[in-house]
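# Results of the structural survey
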Amino acid sequence: MMLILSPEQRELRAAVRSFLAAASPLAKVRQDMESPDGYDRAVYRRLNGELGLSGLIVPEEHGGAGAGHADLAVALEETGAALLPGPLLATVFAAIVLTEAAATYDGQAVKELLPGIAAGTTVATLAPLSGDRGGVTASGGTLTGQIPVAPNGAEADLLLVVARTGEGEALYAVEAGAPGLSRTPLTTLDPTRRQARLTFDGTPARLVATGGLDVNGDAHGHVLARAFDLVSVALAAEQLGVLRAGLDAIVAYSRIRVAFGRQIGSYQAVKHRLADMHCKLEQADAIVRFAAWAADESPGELPEAAALAQAYVGRACFEVARDHLLLHGGVGFTWEHDAHLYYKRAKSDEVLLGPPRTHRARLAELVI
Amino acid sequence: MDLEEYRRQARDWLAANVPGAPAEGSAAEDGVATAREFMARLYDAGYSGITWPAEWGGQGLTQAEDRAFAAEAARVSLPIYVFSIGLGMCGPTLVDLGTPEQKARHIRRLLRGEEIWCQLFSEPGAGSDVAALQTRAVPADDGGWIVNGQKVWTSVAQHADYGLLLARTDVEVPKHKGLTMLIVDMHAPGVTVRPLKDMTGRAHFNEIFFDDVHIAPGSVVGEVNGGWSSAVTTLLHERLSISSGVGMSGPRDNPASLDALREVVDVQDPLVRDQLVELHIRSRALALFNAKLSQETKAGIFPGARGSAAKLLLAELTNFQADLAVSLAGPQALAYEPGGGGLAGAIALAPAMSLGGGTNEIMRNIIGDRVLNLPPEPRADKNVPFKDLKVGTQS
Ligand SMILES: Cc1cc2nc3c(=O)[nH]c(=O)nc-3n(C[C@H](O)[C@H](O)[C@H](O)COP(=O)(O)OP(=O)(O)OC[C@H]3O[C@@H](n4cnc5c(N)ncnc54)[C@H](O)[C@@H]3O)c2cc1C
């Protein structure tokens, strides 16, 4: 079990961190989140081109870097800390599910779709992310139904949709311009990550992977389950970054803000809360490293690690983001201040994969 | 030898040598002789002081072996509670700061179970604020010291052969600057040890009186009047050793563990399940944090004050867990099991974890000041000579 970063991972972290500090500081985040696209396409291109983030875990044969989930976690922690707007996380989710399908399912579709994602030229998303996946039905190569929220659903060139079939769940690919597809951009809580409602009405779709048997008749029912575990780990890494950045921000502020003649960080009511937030950070960090290690090295431990990551880190991230906002005082409630951006990202992330109780229920099934 | 082989041998050794009956910490009072005998075997087998320097009697191995052994030992319970202060705090302090003579005299004997050690810091008027202590040490004619004063809450002192004593050697300077750490022979004339019955009904700790106790030359650990810095070293080791559970019982014997609770509660009840999941989440989170700290230590990153976060989290988990377990089990949990154990024993013992080794509030102060570098609180005592200060409950 590896819970600390390797020298290469520390380099990756430094590279992503310094790139984001220059290309997407918070002032730029605010500008981009209010722009028509909701993100800066040039920054996104460089992130995938120079740093190769969208293809990080994609195998080299499909045009990616062939890195591990522990490396991906390092990168996503940084994009989370920077509150990077845009479709990186959604595209990474798509890369994860396609990579899993490629490893087990002999489909032409995967081979054709992955290189664009790895190159950063295809913006993709995976939906629905919530555990209740019965909203879309597949029959005869078309999809019908609705997905109430899909991250970056309106921006994506490629939609990977989990649909119900006669034999359980399967993964389908839908092109942006497909007939019968309508996408309604939503105004959601977190302005740094857009979401859309997707409606399918006899929309032609390409089968990418079945949740049941593959073309050779081997059972691969676990493909989607494992992919969603990996998605949970990736999201937890982003949440860890949001948590860390929120804590850093309030620690810095509590050293300079003065009330009653002293810095607020010298008051125990403040200091002790920050200490508790630090404890959450330490544990969240250890859990994310463990879960990312399990993703790469210990498949048997992944389901528990992934559920643990969402159950602990998701909650911890929101609690820290909330307390970091509150400890700023009145300025924390203003639109001008960045505190609400962390708060909103944290809450959106906490429920992104379904109500948090579903992770706890899953964990209960596994450990009790 | 590769690690797997090391681990396999450790497992075999433990299976053959650990006494079968659960050796719960508090029961060790009756079993000091057994504990000493077990430590000697542990030492002879090469499992005592795994990472301690070979020069002084340790094994000189790495954290990897230590962790491998600890993981195996966590499945059972080593009957070494009376040695926990010596192994976790006093010994590591001597390794860091002791003179070659002190190391040669004590380390091997400590590791072999020939010496039981205690930590003589707290006093009636000085616990959290330990630098407010009043026990005095004045130079003796032979170059040693004469000690007068009182200590309290001293764990395992009733069995101890030696103690690490923190005493005041200068009252003219501010309180942190006039302290000295001394090795005291607990069998010396003038040392009186009185066991104190604690809330569990047993005596885990003691009060100690020093009446003109003579301490031999060569007993200072660190510098004269540099005792605060020596004490900080001990306290860092203390927090790390508490959080990593030196001398504590393994999960097998913890009646509030998930495994044990599964047997006594209805695991199909959705409300029960949710509470058990919460316990699992918190336990895993802390276990992984502790594992991370030990990997960092191995990689040369000293955890320092972050050990206080692990100690605080363990204190909170221990109290949460015992509370939850008793509430889940209901009224039958209230009956002590033979030997003072069971869930009643667990809930009665739980507060110790939040008090011994520094309270939760003090841990939060340390995390705030030394990990997060927050501004310190204004203090009335920092630059005032000790003799002009109010301490304890004086007004
Ligand atoms: C089971 C057990 C074993 C022990 N073993 C040993 C031992 O072997 N050797 C030894 O030397 N000592 C030992 N102790 C003593 C222990 O270290 C002290 O009890 C502890 O540090 C608290 O000190 P105190 O009892 O004087 O409480 P006080 O310091 O009087 O604390 C009272 C309350 O005030 C709070 N408080 C004090 N200062 C501050 C502050 N600056 N900020 C915020 N809150 C504050 C405390 O958190 C606490 O809630 C042991 C204690 C227990 C319970």
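Residues numbered from 1 in each chain as written. Chains lettered and ligands numbered in written order. Predicted model: local features only at pLDDT ≥ 70, side-chain atom pairs only at ≥ 80, totals over all residues. Heavy atoms only, no water.

## Observations regarding the overall build of chain A
Put simply, the test is: By definition, any uninterrupted DSSP run of H or I lasting at least four residues is a helix, any uninterrupted run of E lasting at least two residues is a strand, and each is numbered from the N terminus. Put simply, the radius of gyration uses C-alpha atoms, and a globule should come to 2.2 Å times the residue count raised to 0.38. Each residue gets one of three labels from its accessible area relative to the maximum for its type: buried under 20%, exposed over 50%, partly exposed in between, using a 1.4 Å probe on protein chains only. In what follows, a contact means two residues having at least one pair of non-hydrogen atoms within 4.5 Å. Shrake-Rupley sampling with a 1.4 Å probe provides the accessible areas, and residues are treated as covered by the protein chains on show and by no other component. Lys and Arg are tallied as positive, Asp and Glu as negative. Neither His nor the chain termini are counted. Every charge is mapped onto a representative atom, which is NZ of Lys, CZ of Arg, CG of Asp or CD of Glu.
Check the secondary structure of chain A and you find 11 helices and 10 strands. Computed over its C-alpha atoms, the radius of gyration of chain A comes to 20 Å, within 12% of the 21 Å expected for a compact globule of 368 residues. The principal-axis extents of the C-alpha atoms in chain A amount to approximately 70 × 45 × 35 Å. Here chain A, with 368 residues, has 60% of them falling under the buried criterion. Sequence separation of 24 or more characterises 74% of the internal contacts of chain A that already satisfy a separation of 6 or more. Only carbon and sulfur atoms are counted for the fraction: they give 54% of the accessible area of chain A, which is about 13,700 Å². Positive and negative charge centroids in chain A, built from 33 and 42 side chains respectively, lie 9 Å apart.

## As for the site of the ligand
Formally: Here a residue is near a molecule or strand as soon as one of its heavy atoms is found within 4 Å of it. Any N or O atom pair separated by 3.5 Å or less is treated as a polar contact, with the protein-specific requirement of one donor-capable and one acceptor-capable atom, and with residues adjacent in sequence counted only for side-chain atom pairs.
Lining the immediate surroundings of the ligand are 18 residues, of which Ser122, Ser128, Trp153, Thr359 and Glu361 of chain B lie closest. Surrounding the ligand is a set of residues that belongs to chains A and B. Between the ligand and the protein, one listed contact pairs a nitrogen atom with a backbone N or O atom of glutamine 119 of chain B at 2.8 Å. Between phenylalanine 121 of chain B and the ligand, the recorded distance is 3.1 Å, taken from a backbone N or O atom to an oxygen atom. Protein chains shield 67% of the accessible area of the ligand, which is 960 Å² for the free molecule. When contributions to the shell around the ligand are tallied by element, the ones reaching two or more residues are helix 11 (351-355) and helix 12 (360-371) of chain B. Top element by residues in the shell around the ligand is helix 12 of chain B. It accounts for 3 residues.

## Topic: the interface of chain B and chain A
Quick reminder of the rule: Two parts placed together each lose some accessible area under a 1.4 Å probe, and the buried area is that loss summed for both. Salt bridge, as applied in this entry: a Lys or Arg side-chain nitrogen positioned within 4 Å of an Asp or Glu carboxyl oxygen. For this classification, the nonpolar set comprises Ala, Val, Leu, Ile, Met, Phe, Trp, Tyr, Cys and Pro, the charged set comprises Asp, Glu, Lys and Arg, and every other residue, Gly included, is treated as polar.
Between chain B and chain A, the contact holds 39 residues from the first and 35 residues from the second. For the chain B and chain A pair, buried surface summed over both sides reaches about 3,400 Å², with 65% attributable to carbon and sulfur atoms. Between the two partners, chain B and chain A, sit 8 salt bridges. Between lysine 292 of chain B and glutamate 282 of chain A there is a salt bridge; the shortest N-O distance is 3.0 Å. At the junction of chain B and chain A, the tally comes to 21 residue pairs in polar contact (both at pLDDT 80 or more). Listed by contribution, the elements that provide at least two residues to the side of chain B that touches chain A are helix 7 (258-264), helix 8 (270-298), helix 9 (307-329) and helix 12 of chain B. In terms of residue class, the side of chain B that touches chain A is made up of 21 nonpolar, 5 polar and 13 charged.

## What to know about the domain arrangement of chain B
Here is the rule we go by: Domain start and end points were adopted from an automatic or database domain assignment.
Here chain B is described as being made up of domain 1 (3-116), domain 2 (118-227) and domain 3 (244-358). The C-alpha-based centres of domain 1 of chain B and domain 3 of chain B are spaced at 23 Å.

## Here we look at the environment of tyrosine 253 of chain A
Mapping tyrosine 253 of chain A onto the fold places it in helix 7 (residues 222-256). Spatially, the C-alpha atoms of tyrosine 253 of chain A and alanine 42 of chain A are 32 Å apart, while their sequence positions differ by 211 residues.

## Structural notes on the side chain of aspartate 349 of chain A
Residue and element names in this part refer to chain A. As for its placement among the helices and strands, aspartate 349 is situated in helix 10 (residues 339-352). The exposure class of aspartate 349 is buried, given its relative accessible area of 1%. Setting aside anything within four residues of it in sequence, one finds aspartate 349 in contact with Arg193, Leu235, Glu238, Gln239 and Gln310.

## Overview of helix 11 (residues 357-367) of chain A
Definition in use: Each direction from the helix axis to a C-beta atom contributes to the arc, which is the arc of those directions.
If you check which residues of helix 11 of chain A are buried, you get His359, Arg360, Leu363, Ala364 and Val367 of chain A. For helix 11 of chain A, the angular spread of buried residues about the axis comes to 140 degrees, placing them on one side. Helix 11 of chain A presents Arg357 and Glu365 of chain A as exposed residues on the side facing more than 90 degrees away from its buried surface. Residues of helix 11 of chain A that are buried in the fold lie against helix 9 (302-326) of chain A together with helix 7 and helix 8 of chain B.

## Comments concerning the packing of aromatic side chains
The geometry of an aromatic ring pair is captured by the separation of the ring centres together with the interplanar angle, meaning the angle of the planes. This is how it is decided: Only centres within 6.5 Å qualify two rings of Phe, Tyr or Trp (six-membered ring in Trp) as a pair; their planes then separate them into stacked at under 30 degrees, edge-to-face at over 60, and tilted for everything else. Charge-over-ring contacts are defined here by two conditions on Lys NZ or Arg CZ: a distance within 6 Å of the ring centre and an angle within 35 degrees of the ring normal.
Using the criterion set out here, one finds 9 aromatic pairs over all chains in the structure. Seen in terms of ring centroids, phenylalanine 290 of chain A and tryptophan 293 of chain A are 6.2 Å apart; in terms of plane orientation they differ by 25 degrees. Their pairing is stacked. Of this pair, phenylalanine 290 of chain A and tryptophan 293 of chain A both sit in helix 8 (residues 268-297), 3 residues apart, which is roughly one turn of the helix. Residue phenylalanine 290 of chain A shares its accessibility class with tryptophan 293 of chain A, and that shared class is buried. Site record: aromatic cluster; members linked through ring pairs are Tyr6, Trp13, Phe38, Tyr47 and Phe69 of chain B. Between the NZ or CZ atom of arginine 262 of chain A and the centre of the ring of tyrosine 267 of chain A, over which it lies, the distance is 4.0 Å. Taking NZ or CZ as reference, arginine 282 of chain B lies 3.8 Å from the ring centre of phenylalanine 320 of chain B, over its face.

## Brief notes about the packing of helix 8 of chain A against helix 12 of chain B
For clarity, the cut-off: Only the contacting stretch of a helix is used when fitting its axis, a line to C-alpha atoms as for every element, and angles between N-to-C directions run 0 to 180 degrees. Should an angle fall under 35 degrees it is taken as roughly parallel, and over 145 as roughly antiparallel, whereas 65 to 115 is taken as roughly perpendicular and any remaining angle as oblique.
Across the interface, helix 8 of chain A lies against helix 12 of chain B with an axial gap of 8 Å and an inter-helix angle of 80 degrees. With respect to helix 12 of chain B, the element helix 8 of chain A is oriented roughly perpendicular. Between helix 8 of chain A and helix 12 of chain B, the contacting residues are Gln268, Lys271, His272, Ala275, Asp276, His278 and Cys279 of chain A on the first element and Glu361, Arg364, Asn365, Ile367, Gly368, Asp369 and Val371 of chain B on the second. A per-class count over the contact of helix 8 of chain A with helix 12 of chain B returns 4 nonpolar, 5 polar and 5 charged.

## Brief notes about the packing of helix 8 of chain A against helix 8 of chain B
The N-to-C vectors of helix 8 of chain A and helix 8 of chain B enclose an angle of 85 degrees; their axes lie 8 Å apart at closest approach. The angle between the axes of helix 8 of chain A and helix 8 of chain B places the two elements in the roughly perpendicular class. For the pair helix 8 of chain A and helix 8 of chain B, contact is made by Glu282, Gln283, Asp285, Ala286, Ile287 and Phe290 of chain A and by Arg282, Arg284, Ala285, Leu286, Leu288, Phe289 and Lys292 of chain B, respectively. Of the residues assigned to the contact of helix 8 of chain A with helix 8 of chain B, the class counts are 7 nonpolar, 1 polar and 5 charged.

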